[in-house]
Amino acid sequence: MSDLATLFLHAAFVENMPLTFFLGLCTFIALSRRPASAVGLGVAMIAVLGVTVPLNHLIYAALLAPGALGWAGMPALDLSYLSLIAFIGVIAAVVQLLEMVLDRFFPAIYTAFGVFLPLLTVQCAILGGSLFMVERRYDLAESAVFGLGAGTGFAVAVIMLGAIRARLAYADLPDGLRGLGITFVIAGMMSLGFSAFAQMVAS
Amino acid sequence: MARPALWSVLTDPLVRQNPVTLQILGICSALAVTTSVATALTMSAALTAVVVMGAGLISLIRHHIPSAIRLIIQIVIIASLVIVIDQVLQAFLPEISRKLSVFVSLITTNCLVLGRSESFARLNPPVPAMVDALGNGLGYSLVLIVIGSIRELFGAGSLLGYQILPTVDQGGWFTPLNLMLLAPSAFFLLGGLVWAVRSVLPAQVEAPEHTPPDSAGERT
């Protein structure tokens with residue numbers, strides 16, 4: 001139990017997706033202009049990462065890993081090179097499914113998400129979560145916790161950045177630095193701050 | 001298409017319409033792989049190859065793609081190309097392939113690749129599409145190589161593995177800046193690069209947001 005809690009904190013803070021691995025930066029920068037859209041993106045990230053990482057783990061373990069097809073009489077088969085296409089397909093399907101379910105049963109949440117949901121298909125952080133899961137050989141429970149933790153870390157970072165940028169709209173910055181430039185500098189400072197968490201969890 | 005038009009399609013994305021510093025495309029991988037020039041070069045070559053071949057293929061079948069499922073088709077084409085590149089790297093450059101770890105696979109979701117095929121290759125014949133992709137790939141490479149050179153030069157005192165500044169460990173005078181090899185410095189350098197480009201080309205400066213954040217324009 002405490003192992004899983006440690007893994008959660010590790011995924012959320014020590015290995016924060018956007019700030020230490022630079023994953024998902026495109027949406028991280030583009031959708032953090034307003035706190036409201038940052039919150040929407042953060043919640044969507046937690047939901048999609050929490051579902052796709054364990055789902056991809058099941059598919060990888062049952063079909064794609066080296067020797068996984070032993071139950072079908074083909075123990076020598078190694079399909080792991082197909083994992084990229086399989087993961088992308090699963091992510092696209094889950095995002096589409098989530099969109100339809102929300103549209104049908106929770107229209108209020110659906111309108112709040114707006115354009116973010118379909119965009120998540122091509123989010124580096126989500127694909128990255130699944131790829132890290134394979135590289136580090138997590139089991140099912142660990143991959144679920146890892147997905148939720150990584151999503152929470154992304155949400156925390158993007159909401160903080162959104163709040164800071166909302167204040168910056170009134171700041172008097174040098175012309176060339178306005179917008180994208182200052183956002184990178186702020187992200188760098190947040191990354192510096194998050195690196196302090198590295199000592200928090202002994203890995 | 002006339003030659004000057006093709007020429008400007010190729011050279012515009014280098015600085016004036018640079019995909020990384022102006023359009024916020026493909027930053028994800030741009031920062032992670034720039035701790036040394038060698039990895040930055042490999043990554044640039046891999047991405048340029050994928051974006052050019054992907055643009056050519058998508059542009060060839062552009063009349064046959066139903067627009068409802070075009071994203072899925074584009075992603076599958078790109079993912080197949082990325083798998084090929086990944087296998088080639090693992091076979092011939094195992095050392096660098098290990099350093100790049102998951103980032104080669106992540107070219108699949110690189111916004112730059114999908115962005116170019118969605119906004120240009122889908123609507124244009126193969127030759128301009130591939131030239132446009134090559135220009136964007138080179139613009140991306142330019143940014144990667146600049147940041148990679150700065151980080152390797154000041155973080156380890158070397159370029160491409162050759163020692164330029166003799167470090168203290170080796171009896172020289174240069175103390176390596178460890179910060180340059182960590183994550184924050186990549187953000188600072190890219191921010192500084194954006195600032196430098198926009199100081200030279202004031203047309204890229206963003207309009208000030210004096211309106212309250214609630215009514216500010218939304219960008220996706």
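Refer to the structure above for everything that follows.
Treat the numbers as computed from the prediction; the structure is a model and nothing was measured. Along each chain, the written sequence defines residue order, and numbers are assigned to residues from 1. Numbering of ligands from 1 and lettering of chains from A proceed in the order in which they are written. Since the coordinates come from a predicted model, pLDDT governs what is reported: local features require at least 70, and pairs of side-chain atoms require 80 or more to be given and counted, while whole-chain, interface and lining totals use all residues. Remark: hydrogens and water are excluded; side-chain values derive from all non-hydrogen atoms of the structure.

Enquirer: I'm lost on the layout of surface pockets in this one. Help?
Expert: Taking a probe equal in size to a water molecule and rolling it over the atoms shows the remaining empty space. A 1.4 Å probe that fits but cannot get out identifies a cavity on a 1 Å grid over protein atoms alone, an open set with protein on both sides within 12 Å along at least five of seven lines counts as a pocket, and a residue lines either if it has an atom within 4 Å of a point. Grid points are joined across faces, edges and corners, and a volume is the space filled by probe spheres set on the points. Here the second largest pocket is characterised by a volume of approximately 700 Å³. Forming the boundary of the second largest pocket are 25 residues, of which A:Ser80, A:Ser83, A:Val134, B:Asp86 and B:Gln90 lie nearest the centre. Here a strand is any run of E in DSSP of at least two residues, a helix any run of H or I of at least four, and the numbering for each starts at the N terminus. Elements supplying a minimum of two residues to the lining of the second largest pocket: α4 (35-64), α5 (83-105) and α8 (124-135) of chain A together with α4 (70-92) and α5 (94-100) of chain B. Three classes are used: nonpolar for Ala, Val, Leu, Ile, Met, Phe, Trp, Tyr, Cys and Pro, charged for Asp, Glu, Lys and Arg, and polar for all others, with Gly counted as polar. Among the residues forming the lining of the second largest pocket, the class breakdown is 13 nonpolar, 8 polar and 4 charged.

Enquirer: What should I look at first to understand the packing of aromatic side chains in this one?
Expert: Aromatic rings considered in pairs are described by the distance between their centres and by the relative angle of their planes. Residue and element names in this part refer to chain A. Working definition: rings of Phe, Tyr and Trp (its six-membered ring) pair if their centres are within 6.5 Å, and the pair is stacked with planes under 30 degrees apart, edge-to-face with planes over 60 apart, and tilted otherwise. By the definition in use, this model includes 6 aromatic pairs over all chains. Both rings, one in Phe13 and one in Phe197, keep their centres 5.0 Å apart while their planes meet at 45°; by these two values the pair is tilted. Residue Phe13 is located in helix α1 (residues 2-14), and its partner Phe197 is located in the segment after α10 (180-194); the two are separated by 184 residues in the primary sequence. Between buried and exposed lies partly exposed: a residue is buried under 20% and exposed over 50% of the maximum accessible area for its type, with that area taken using a 1.4 Å probe on protein chains only. On the basis of relative accessibility, which here comes to 29%, the residue Phe197 falls in the partly exposed class. Through successive ring pairs, a cluster of aromatic residues spans Phe13, Phe194 and Phe197. Arg104 extends its terminal NZ or CZ atom over the ring of Phe105, reaching a point 5.1 Å from the ring centre. Above the face of the Phe132 ring, Arg136 is positioned so that its terminal group lies 4.5 Å from the ring centre. For a Lys NZ or an Arg CZ to count as sitting over a ring, it must be within 6 Å of the ring centre and within 35 degrees of the ring normal.

Enquirer: Would you take a moment to explain the pattern of salt bridges for this structure?
Expert: Two side chains with opposite charge may pair up if their charged atoms get near one another. Just to be clear on terms, a salt bridge is a Lys or Arg side-chain nitrogen sitting within 4 Å of an Asp or Glu carboxyl oxygen. Under the counting rule described, the total for this entry stands at 2 salt bridges over all chains. In this structure, A:Arg136 and A:Glu15 form a salt bridge, with 2.9 Å as the shortest nitrogen-oxygen distance. With A:Arg136 in the loop between α8 and α9 (140-168) and A:Glu15 in the loop between α1 and α2 (17-20), the pair connects residues that are 121 residues apart, well separated along the chain. Exposure remark for A:Arg136: the relative accessible area of 27% places this residue in the partly exposed category. The salt bridge partner of B:Arg98 is B:Glu95, with a shortest N-O separation of 3.4 Å.

Enquirer: Would you mind showing me how to read the interface of chain A and chain B here?
Expert: When the parts of a complex come together, some accessible area is lost, and that lost area is often taken as the interface size. Here, two residues are considered to be in contact whenever any of their heavy atoms come within 4.5 Å of each other. Contact residues are listed per partner, giving 46 residues for chain A and 48 residues for chain B. The quantity reported as buried area is the accessible area (1.4 Å probe) lost by two parts once they are put together, taken as the sum for both. Of the roughly 4,300 Å² buried between chain A and chain B on both sides combined, carbon and sulfur atoms contribute 75%. For chain A, the biggest contributors to the area lost against chain B are A:Phe22, A:Arg33 and A:Phe184; these three give 16% of the whole. Counting across the interface, chain A meets chain B through 0 salt bridges. In protein, a polar contact means a hydrogen-donor-capable atom and an acceptor-capable atom, both N or O and within 3.5 Å, with residues adjacent in sequence counting only if both atoms are side-chain atoms; elsewhere, any N or O pair within 3.5 Å suffices. At the boundary of chain A and chain B, one finds 0 residue pairs in polar contact (both at pLDDT 80 or more). Within the residue set of the side of chain A that touches chain B, elements represented by two or more residues are α2, α3 (25-30), α5, α8 and α10 of chain A. In terms of residues, the side of chain A that touches chain B owes the most to one element, α10(A), which gives 9 residues. Of the residues assigned to the side of chain A that touches chain B, the class counts are 31 nonpolar, 10 polar and 5 charged.

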